[in-house]
Amino acid sequence: MRFLCLLLLLLVGNAVFAQQYNFHNWTLADGLPQSQINDIHQDHRMQIWVATYGGVSRFDGNTFYTYTTKQGLASNNTTCIFEDSRNQIWVGSSDNGLTRFDGAKFILYGAKAGLTSTNVTSITEDKLGKLWVATDSGIFTLTGNQFIRSPEFKKQPYTVIYSDAKGAIWAGSRSDGLYRLYQNKLYHFSSARYNLPSNHITAIYSGDSADKIWIGTDKGPALVTGNKVTPVPLPATIVNPSVTDFTHDAYGHVLIALQNDGILSVKDDETLHLTKANGLSSDHVTTLYTDTEKNTWIGTNGYGLQQHRAQWFLHYFELGEISEPHITALAQDTKGRLWIGTANGDAGYIQQGKITMLRTRIWPPGTTLYSMWVVSPEDVWVATSQGIWNLKPEGVKHFSSAHGLPSNDVYAIAAAPDNSLWFATAGGVATYQEGKITTIASADGSDPGKAYYIFRDKQHQLWVGTDRQVYQLKEDKLYPVPELASRHFGKVRSIAEGQNGWLFFGGYNYGLLAYHEKSGTTKLFNAGNGLPNEGVKSLYTDRDNNLWIGTNSTLLKVDLSYFQETQKLRFREYSGQNGFRGLEVSYNGITQTPDGKLWFGTIKGLTQYIPELDRINKATPELLLTDIRLSMQPTNWDELGYKTDPASGLPVNLRLPHNKNHITFDFHGICLSDPAKVRYRYMLEGHDQQWSETTEHSFTTYANLSPGTYTFKLKAQNNDGYWSPEPLTYTFSVIPPVWRRQWFIAIMLLLVTGAIISVVRMREKSLLKMNTLLDMRVQHRTRMLERKNREKELLLQEVHHRVKNNLQIVISLLNLQARHVKDPAALEVMQALRSRVRSMALLHERLYRHDNLEHIVLEDYFREICESLYAAYGVTEDRVKLQFNMAPLKVDIDTAITLGLIVNELISNTLKYAFPDSYSGSLGIDLDKLHDDTYRLIVWDNGIGFSEVQDQQQSFGLKLVSSLIKKLDGSIKFDNINGTKTILYFVLPS
């Protein structure tokens, strides 16, 4: 009763205010050829076709492409449009018959094709693929390329023809009721017999149910079930019930277009009447259509085309007497009533679609209401730019800086568990306890700055957001939170709490900061890591575990379950394009009422969100390659001589010359729900290694492509993040220049190979000729050299022969002289001389007897010397056995003479002294190689030993041996064990 007194004191009257839906409008200024929309249809490429009295237009979500008589239409006065099962577009006109469009050209059907009527009102196709046409003079069907009047239907004006899911053909006449042709049997429904509202049929529709047929007449709708006709009751708000069309929406509602009274939405016993007050551009609705994305398209009479989208948002932009509905304060009481305050001082509450306003101006005009706190129905606190007002039945109290507030600008109010109130003001934080306001200081004595928001969490702790950082209230002191302070996060305008202990702080132009107090974990989200807008003004967690983030341009719904698992944001973004027309959310302007609906205070008024109506668009964009350009210039491929696809105008089997390798692809992904949110990824197979980054641009350019074959691939993402499963592809090639083509390279290789072979052969012939001449010269020169060498050899042999003869003469002279010498010593000397000369004579004898005049085989030479000495001293090998153990060795003539003289002296001494009288034994010569160029020569015997002839040590022969061995850089050593052994070491150059 006391609260009722409060309302009677403060509030005045109430007003019903209209809820506005999300409609998008297109008019002549947007590209429509004419403002009266007669029919709407969507083709297999997801494009919307509209029939007007200015031709037909094809709409891809961004652009209207209009076709008129200039492009081949039979008439610009188009009345209906239909796509058949062969993807051909049929356009009916009011004055010149029918036109078929196959994607490339228009084909006219008139009297010559059997269509005698010029006024075509409706087109359909049955289950067998037969085309049916309603005209003002009967029903026609297409057989081959000719139209034939259907004999089942009488000749009269028909307004509509329809084929249901069972295969029945329904025809509505202008004045004779309804007809149904099923299994070759015709049924007639009239107002007189079947309770039709009128015999003037305007629309036929079956919706999702094949058992219920909706019939539109000029006096209202009706339902046909079997053979029963039931008129549909209409609400009292409908004055003119003339029906123009039907469709159904994504939620099972049947929508009924009314000629002069908007749209009626019907589901079971629920009806909703939409008019211009709810956002329609006009109440004169001519046609309806629901596309594959479940958007409803609305054609009007004179006001263009509309699309009804995002039905989960309702807007309240006209709030009774509020002239400027900029909502700045939003709250609800214990009865679920929504309290609002504006930037201009207006206040009131909303209940059951009615707004009740304050009766008098409690605060000065122009006062901004920032926040409301409903403690109870009898205790309401209002934070304003002029202090705080407390509204109670017994009166109103005002608190300002004069009463202890740090500032008159009070932004937020919160209550502690002990029922004390806390205020966030432009001068800091204050509390109201026991009728007294006290300013709260920070624990470290620093100035906390402006306090924007106070929040009480589930553990009843109070958190304060300021323009500098986040504080926690403990024992009436402000304590900075170290983990948050390190983030340097300021302008904290809002705070919310999720599950599992996560707190969220919204900083205007700082982004979103998440904090888990127990673990000390912080996560900052800004433009750098996926937050679309850093201007966070409001945070709110709803009952479905979503975090709502209101910014200065968009609204985000964050999935907190996903965040708690991954610490990453996954959100859905709402903006003006997809239904959130309020645009900018007010500071802390979000709340949820007990019925589950969320409310948003915006600069344009109130927006309501209905969770159960929200749906995800899973229809992926239809991909179109709209143009291919060279050097980024418009390219007429027909003029360049390329074969083009008639429908798209793009070149078929494109083969570009090497000097036209700068190519641009223009493309488009059709998403009718929100074309601005379409994103693309592409790659050029043969050039790119991976897909491009996601982009909003609908073109890409490749320059300086090398010769080769390429395939352009394109994918698109719709407004809710669904990518097209298969890419659009276009294959083309860049032809290499003539000098890089295979046939040219093959010919050049053959030519080069032939030239090389010719040159080689010519060179071979030249070389052969030169070699022949050279061989002749070499042979001639060789013969001359051989002759000269032979002459030299003969000369050398002659020289050796003469030297040997001369030495023989010397030996003979010595022999003659020895005959006359009686002295034994002299005779011995003569014999020694004779032996030495004979050793040299033997060498020269060998030289002139052999062809090799350069190298002497030592073993053979030493053997001849020994044989000569054996003969000279009369010693036989039976008495003194001769043994050789010599390594193979050839030496030059000088070395041979030196070694020959040495061996001659040593063998002579052995034969003279080692074996006196008839003493027998052995004599040997050993030669071996010690290392690289050092040799060892051993002359040994097993005679009587050296001691018996010691007086011979200083003989001439031994002195000669010592002298000769020095010529060979050698040395000599004697051994007298078991005979005599003379060891000589000498060096032979390599």
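Residues numbered from 1 in each chain as written. Predicted model: local features only at pLDDT ≥ 70, side-chain atom pairs only at ≥ 80, totals over all residues. Heavy atoms only, no water.

### Some words on the sheet that holds strand E14 (residues 146–149)
Sheet architecture is open: 4 strands sit in the order E11-E12-E13-E14, paired in antiparallel fashion. Edge strands, defined here as strands with exactly one partner in the open sheet, are strand E11 (120–125) and E14. Here the strands of the sheet are splayed against their neighbours by 25° on average, with no regard to which way each runs. With 4 bridges connecting them, strand E12 (residues 131–135) and strand E13 (residues 138–143) associate as antiparallel partners. For Ala-134, the partnering residue across the bridge sits in E13 and is Ile-139. (Pairing = 2+ DSSP bridges. Helix = DSSP H or I, 4+ residues; strand = E, 2+ residues; numbered from the N terminus. Axes fitted to C-alpha atoms, helices over the stretch in contact; angles between N-to-C directions.)

### Regarding the pairing of strand E3 (residues 37–42)
Burial of E3 is extensive: 6 of the 6 residues sit out of reach of the surface. The sheet contact formed by E3 and strand E4 (residues 48–52) spans 5 bridges and is antiparallel. By the bridge assignment, Ile-37 is partnered in E4 with Thr-52. Hairpin remark: E3 followed by E4, antiparallel, with 5 residues in the connecting loop; positive phi at Met-46, about 70°. (Buried < 20%, exposed > 50% of the residue type's maximum accessible area, 1.4 Å probe, protein only.)

### A closer look at the packing of aromatic side chains
Throughout the structure, instances matching the rule amount to 56 aromatic pairs. Aromatic side chains Tyr-411 and Tyr-452 sit 5.5 Å apart centroid to centroid with 45° between the ring planes, which places their arrangement in the tilted category. On the criterion of sequence distance, the pair formed by Tyr-411 in strand E39 (residues 410–415) and Tyr-452 in strand E43 (residues 451–456) is long-range, its members being 41 residues apart. Take Tyr-452: its relative accessible area is 7%, and that puts it in the buried class. Three or more aromatic residues joined by ring pairs make a cluster, and in this case those are Phe-665, Phe-667, Tyr-680, Tyr-682, Tyr-710, Phe-712, Tyr-730 and Phe-732. Directly above the ring of Tyr-411 sits Arg-493, whose terminal nitrogen or CZ lies 5.7 Å from the centroid. (Phe/Tyr/Trp six-rings, centres within 6.5 Å; stacked < 30°, edge-to-face > 60°. Lys NZ or Arg CZ within 6 Å of the ring centre and 35° of its normal.)

### Some words on empty space enclosed by the protein
Here the structure, examined in full by the defined rule, presents 2 cavities of 30 Å³ or more. Lining the second largest cavity are Asn-295, Arg-309, Ala-310, Trp-312, Arg-572, Asn-578, Arg-615, Ile-616, Asn-617, Ser-673, Asn-719 and Asp-720. Split by residue class, the lining of the second largest cavity holds 3 nonpolar, 5 polar and 4 charged. (1 Å grid on protein atoms, 1.4 Å probe; cavity = no way out; pocket = protein on both sides within 12 Å on 5 of 7 lines; lining within 4 Å. Points joined across faces, edges and corners; volume = space filled by probe spheres on them. Nonpolar A, V, L, I, M, F, W, Y, C, P; charged D, E, K, R; others polar.)

### Some words on the pairing of strand E31 (residues 327–332)
Burial of E31 is extensive: 5 of the 6 residues sit out of reach of the surface. Pairing analysis gives 5 bridges linking E31 to strand E32 (residues 338–342), with the strands arranged antiparallel. By the bridge assignment for E32, Leu-330 is matched with Ile-340.

### Some words on the domain arrangement of the protein chain
How big an interface is tends to be expressed through the accessible area that disappears when the partners come together. Splitting the protein chain by domain gives domain 1 (23–309), domain 2 (622–738) and domain 3 (853–987). Placing the centre of domain 2 and that of domain 3 at their C-alpha centroids yields a distance of 105 Å. (Domains from an automatic or database assignment.)

### A closer look at helix H7 (residues 858–872)
With 15 residues, H7 should cover 21 Å at 1.5 Å per step; its first-to-last C-alpha distance of 21 Å lies within 8% of that length. Among all positions in H7, only Leu-858, Tyr-861, Phe-862, Ile-865, Cys-866, Ser-868, Leu-869 and Tyr-870 are buried. Note on H7: the residue one or two positions beyond its end, Gly-874, has a positive phi of about 65°. (Expected span 1.5 Å × (residues − 1).)

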